[in-house]
Amino acid sequence: YSGADILNDLAITQYHLGEYNECIATCQKILETGEEGQYSPANFNAGMAYEKMGNLSRAYENYNIAAERNPDVLAYQTAANRVATTISYNSNNSR
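All values derive from a computational prediction rather than experimental measurement. (Residues numbered from 1 in each chain as written. Predicted model: local features only at pLDDT ≥ 70, side-chain atom pairs only at ≥ 80, totals over all residues. Heavy atoms only, no water.)

**Re the overall build of the protein chain**
Across its full length, the protein chain holds five helices and zero strands. The C-alpha radius of gyration of the protein chain comes to 13 Å, within 12% of the 12 Å expected for a compact globule of 95 residues. With respect to the principal axes defined by its C-alpha atoms, the protein chain has extents near 50 × 30 × 20 Å. Here the protein chain displays about 5,600 Å² of accessible surface, and carbon together with sulfur accounts for 50% of that area. (Helix = DSSP H or I, 4+ residues; strand = E, 2+ residues; numbered from the N terminus. Rg over C-alpha atoms; globule rule 2.2 N^0.38 Å. Areas by Shrake-Rupley, 256 points an atom, 1.4 Å probe, with all protein chains shown as cover.)

Written out as structure tokens, the structure reads:
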């Protein structure tokens with residue numbers, strides 16, 4: 001169990017507690033560790049927090065990074081597609 005693993009567990013806990021800003025900050029710390037194995041999960045978790053906060057463009061950005069770096073994890077691509085569809089729908093209906 002590495003430091004990045006522990007931080008990832010913390011980020012998930014913060015997310016479930018509704019502490020979205022804290023979750024994002026923890027995910028940033030994970031990315032700063034440079035531990036490749038936690039890079040995609042950290043981006044995905046930050047994306048979930050951004051999505052809950054209504055910041056869909058940042059959510060998409062993080063989901064997409066996770067999906068590009070780890071294309072074998074279907075949840076990452078599914079989340080990116082879902083948010084992209086929502087952004088497109090909102091854009092089309094705001095005209």
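**Digging into the packing of aromatic side chains**
By the definition in use, this model includes three aromatic pairs. Between the aromatic rings of Phe-44 and Tyr-76, the centroid separation amounts to 5.1 Å while the plane-to-plane angle is 40°, which identifies the pairing as tilted. Note that Phe-44 is positioned in helix H3 (residues 39-52) and Tyr-76 in helix H5 (residues 74-93), a separation of 32 residues in sequence. A single burial state applies to Phe-44 and to Tyr-76, both of which are buried. In textbook terms, an aromatic cluster arises when at least three aromatic residues are bridged by ring pairs, as seen for Phe-44, Tyr-63 and Tyr-76. One residue, Arg-69, lies across the ring of Tyr-39, its end atom 3.9 Å from the ring centre. (Phe/Tyr/Trp six-rings, centres within 6.5 Å; stacked < 30°, edge-to-face > 60°. Buried < 20%, exposed > 50% of the residue type's maximum accessible area, 1.4 Å probe, protein only. Lys NZ or Arg CZ within 6 Å of the ring centre and 35° of its normal.)

**A look at the pattern of salt bridges**
Enumeration over the complete set of coordinates arrives at two salt bridges. Note that Glu-36 and Arg-69 form a salt bridge whose closest N and O atoms lie 2.3 Å from each other. Of the two residues, Glu-36 sits in the loop between helix H2 (20-33) and H3 while Arg-69 sits in helix H4 (residues 56-69), which places them 33 residues apart along the sequence. Looking at Glu-36, the relative accessible area reads 55%, which means it is exposed. (Salt bridge = Lys/Arg side-chain N within 4 Å of Asp/Glu carboxyl O.)

Everything listed here is a matter of geometry and, on its own, says nothing about what the molecule does.
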